Amino acid sequence: MDKIIKAGVIGHPIAHSKSPFIHKYWLKKYNIMGEYLRYDIAPDEFQYGVSRLVNLGLRGFNVTIPYKEKIMDLCRTHSPIALKIGAANTVTINDQGMLHADSTDGFGYMSNISAHLPHFSFMGKTVLILGAGGAARAIIGALIESNTAKIMIANRTMARAQAMACEFSERYMSETNLVPLAWFEIHDILGQCDAVINTTSLGMSGQPPLEIDLKLLDCHAIVSDIVYAPLETDILKQAKTLGLQSVTGIGMLLHQARPGFERWFGVDPEVDNDLERIVLSS
Ligand code: ATR
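Residues numbered from 1 in each chain as written. Predicted model: local features only at pLDDT ≥ 70, side-chain atom pairs only at ≥ 80, totals over all residues. Heavy atoms only, no water.

Caption draft 1: The arrangement of the state of the cysteines in detail. Counting across every chain of the model gives zero disulfides. Cysteine Cys193 is unpaired, with the sulfur of Cys219 as its nearest cysteine sulfur at 14 Å. Look at Cys193 and you get buried, because its relative accessible area is 2%. For Cys219, a relative accessible area of 58% translates into the label exposed. (Disulfide = S-S within 2.5 Å. Buried < 20%, exposed > 50% of the residue type's maximum accessible area, 1.4 Å probe, protein only.)

Caption draft 2: Region of interest: empty space enclosed by the protein. Tallying each qualifying case throughout the model produces one cavity of 30 Å³ or more. Empty space within the largest cavity amounts to approximately 30 Å³. Tyr109, Asn112, Ser224, Asp225, Ile226, Val247, Thr248, Gly249 and Met252 are the residues that line the largest cavity. If you list the elements that add at least two residues to the lining of the largest cavity, you get helix H4 (105-116) and strand E11 (222-225). Considering only residue class, the lining of the largest cavity consists of four nonpolar, four polar and one charged. (1 Å grid on protein atoms, 1.4 Å probe; cavity = no way out; pocket = protein on both sides within 12 Å on 5 of 7 lines; lining within 4 Å. Points joined across faces, edges and corners; volume = space filled by probe spheres on them. Helix = DSSP H or I, 4+ residues; strand = E, 2+ residues; numbered from the N terminus. Nonpolar A, V, L, I, M, F, W, Y, C, P; charged D, E, K, R; others polar.)

Caption draft 3: Layout of the nonpolar core. Formed by 32 residues in total, the largest nonpolar core has its most connected members in Phe122, Ile129, Ile140, Leu143 and Ile153. Broken down by secondary-structure element, the contributors of at least two residues to this core are H4, strand E7 (126-130), helix H5 (134-145), strand E8 (150-155), helix H6 (158-172) and strand E10 (195-198). Element by element, the count of residues in this core is highest for H5, at seven residues. Leaving out residues up to four positions away in the same chain, Ile140 has contacts with Ile129, Ile151, Ile153, Met164, Phe168 and Leu178. Leu190, Leu210, Ala221 and Ile235 belong to the second largest nonpolar core, which has 20 residues in total. (Core = buried A, V, L, I, M, F, W, Y, C linked by side-chain atoms within 4.5 Å. Contact = heavy atoms within 4.5 Å.)

It is worth stressing that arrangement in space is one thing and function is another; only the former is reported here.
Dropping the structure here:
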């Protein structure tokens, strides 16, 4: 048997993925004989590409755009959260070559919030989510699991917010109240919110700005962004100026990688400042 433990990340394209920087940093830090590589799989070779990884002896892999939903069909077993949100970013391969799907983006989001705001809890809170894409999906799942009282989902395309609110209400049957909003309604409800979470690409370098007036928020509200380039986005700067607590986006990326690393390489790794610096400068 190979002494080197193998893992990687699949996607298309994949050159942009920062996951190798994260896993290679931890492999070195914990002195583990392992490799973590990028695998670009073309859409028309998806199934073949994945079976090749099994044959290569990988312990598992991360999954990025555009395969987070498609990978579910190739997995024999699924974690409850992957089933609920209908997508996976972390796959583990067992000794028989069978695939297990998990979604750790929600875990990554929550761990990042806890790391920066250890006393904050979403339980019983009202949250505004901006966006209704894949990232919003994982975060909404985690918010429901954390017993958030009300989640308002505002999206440019309101039909997507409506579909997501409807789907999550049916799948979870939880106490959480899910309310879709039109983008222009944001400022009407900000005063009720305990947290604002940006899951859109607005505010990212090269993208349009996210125009929102956070002065309407209560002084105890928190603001978080999943955009990490730039690290301090305009809404986070605005939050800081207003004296609101805020959390940057890079930690979600770093923490979501932990469960995969632990399963494949056997150590629950630490997210530290050096890792953050290396990934931000990569
Ligand atoms: P991800 O998986 O990163 O969430 P996605 O599924 O493409 O990516 O979702 C991107 C989110 O950013 C969506 O909510 C998108 O809004 P639409 O559903 O209307 O497309 C939002 N978004 C992207 N560009 C935007 C813009 N210029 N204005 C407002 N919302 C935008």
